[in-house]
Amino acid sequence: MMMPSGSTASATSTSVDQPDRVPRLHFNKPKERANHIQAFLTWLPPMLKTAPGICWERLPSVIMGYLINAVDLPEVVAITLAIGCAMDAMKPKTLYTYCIAITNLFRRLRRSYGMMTLADLSERRIWDAFVAGRLITSGDLNMLKRYETLACVYQRPYVEDLPERHQVIWKPYLLPKLPRGFCEKQAQQQAVIAATEARRKEQSDVIVPLFPLLVELAQLRKQAAERLVKEYRRLCRCAERGEIALPYHFAYADRQFSVAEHAQTLAEVQLIEQPITLSLTLWNRTQWVKSHPDLYTKDVQRRAQRQIEAYAPERNGYFLQYEGPPEQLLWCGDLIEKQHISQRHGKDMVGTRRPGLLSPDASVAYWFRWARGLSGSVLFEPESLYRGVLFAAALATLSLTNGSRVSELLQVSASRFETIVVDELKNQQPTGRKVGVLVQKLLPKGYQHESERQFFLISEMAVRHLKEIAELLQSAHGGRIPLVYPEAFGNKADDLVAEPYFFQWGPPQMGILATSRHRMLLSCCVFSSMA
């Protein structure tokens, strides 16, 4: 789905001789709320400013940004009016998803199904064309149901309460109702739901028996990344003390774990251990440029020689060069070789938008891309890669041992640990003893209030990972885990408050990690060879 880009043109007039610089607005920053309102009211079509009973200043900022930056359709007045009618009855996150859904629906109807004007939706032909000859997806069904909710549940009652003269004025801008019973019949609602449930069950039947194996694989791969980063740190300390000279080439022996690729049954799925020896070289930026004079200009070589700008001591970080088959470099060597681990997002990219988690910050990442492009070498920075693997292992372990969804995983907080006493089980039978287990009270999907929190088990393996994450966060933030708010676009953004959540990185204002995409990308870093 499209997120607001975070910028909009200013309404301020500019001089021909000396144009003003147009400021960028970030619609996910509460401190800029006054500017959001000003920009939105400037953009708002004049007739909507007089819409009876709608206070546009109360519209959430992210929706203001989306309407300004992303809704470029002739139906923008109808979309905005429908959102305004529902504004006081929906949570901001829900309203935002509805706004995106009907905008995308209009785009598809215009592009592929013959819609020319809003009035065309009063006829069956457009809607029948949308579902003809196919079983629509659950996403398509959700778009239709959200459209129908806005049109019938919120917009119609709003207009019917207006004086008759005003009803005539606003009628051309109302979302036409879907044909009667359309979602239940022509849109095959029951068939879509049944197909979705069957697909989920099929996936669960395959994956659930593999949970113990996947948990073990996550731990083994996290340990492999940890062993490599510890050796890297040891050599960095040796270089700082002058005990080794750069570039320093070394052979690193370890074990690699994978899963049989051609298993035909669950019984045949097993871990495969393979000894490997990696050919690695420790560098810093200055020594890299000095050793590759044919790749760099005289000016770059001068800056490296003088250790200034990108080569100043505080920026002259260490990194590794790998020479060998990509498949032997941890389990994600193909991603490293192809430079697919990055903050940049693309079809084949794996990463997060948080600098230092999987990939280094933007300036360091840029230097790496530049050096790789010039030399064709496989270069990587183990520290940020390891932090990403640590987060991935914690997320994967939690989800595979307590069934957490992403909205629950991201709630795990340093302030929510509790110990409860339960019956000890052996071979699924009570032993008569009591044991204490560690849990967190989290808010499950579909629940909103503090009283509805439920216990989620935190296994010993997950505790070890969370403790290490806590130590990293405390080290980066003066001995404490910052209190951060839920990510603005997350499913629970409207239901949760600021807490010392574990799954955060970077400045506190960035909040916790966002959406299921991050969980999938991070977990991919643990299970990439199984994809």
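Heads up: the structure comes first, above all this text.
What comes next is a walk through the structure. (Residues numbered from 1 in each chain as written. Predicted model: local features only at pLDDT ≥ 70, side-chain atom pairs only at ≥ 80, totals over all residues. Heavy atoms only, no water.)

So, about the state of the cysteines. Taken as a whole and judged by the stated rule, the model has 0 disulfides. For Cys238, which is in no disulfide, the shortest distance to another cysteine sulfur is to Cys236 and amounts to 9.2 Å. Among the residues examined, Cys238 registers a relative accessible area of 7% and is labelled buried. (Disulfide = S-S within 2.5 Å. Buried < 20%, exposed > 50% of the residue type's maximum accessible area, 1.4 Å probe, protein only.)

Here helix α3 (residues 76-86) crosses helix α6 (residues 138-160) at 80 degrees, and the two axes come no closer than 9 Å. Between α3 and α6, the angle falls in the class roughly perpendicular. For the pair α3 and α6, contact is made by Ala78, Leu81, Ala82, Ile83, Cys85 and Ala86 and by Leu150, Tyr154, Gln155 and Tyr158, respectively. Considering only residue class, the contact of α3 with α6 consists of 9 nonpolar, 1 polar and no charged. (Axes fitted to C-alpha atoms, helices over the stretch in contact; angles between N-to-C directions. Helix = DSSP H or I, 4+ residues; strand = E, 2+ residues; numbered from the N terminus. Parallel < 35°, antiparallel > 145°, perpendicular 65-115°, else oblique. Contact = heavy atoms within 4.5 Å. Nonpolar A, V, L, I, M, F, W, Y, C, P; charged D, E, K, R; others polar.)

Another aspect to go through is unusual backbone geometry. Between Leu246 and Pro247 the backbone carries a cis peptide bond, its omega angle lying at -5 degrees. Here Pro247 shows up in the loop between α9 (211-240) and β1 (248-259). Not every positive phi belongs to a glycine, and Gln307 is a case in point at roughly 55 degrees. Secondary-structure assignment places Gln307 in the loop between α11 (298-306) and β3 (318-323). Phi is positive for Leu330, which is not a glycine, with a value near 50 degrees. Tracing the sequence through the fold places Leu330 in the loop between β3 and α12 (333-337). Relative accessible area serves as the criterion here: at 9%, Leu330 is assigned to the buried category.

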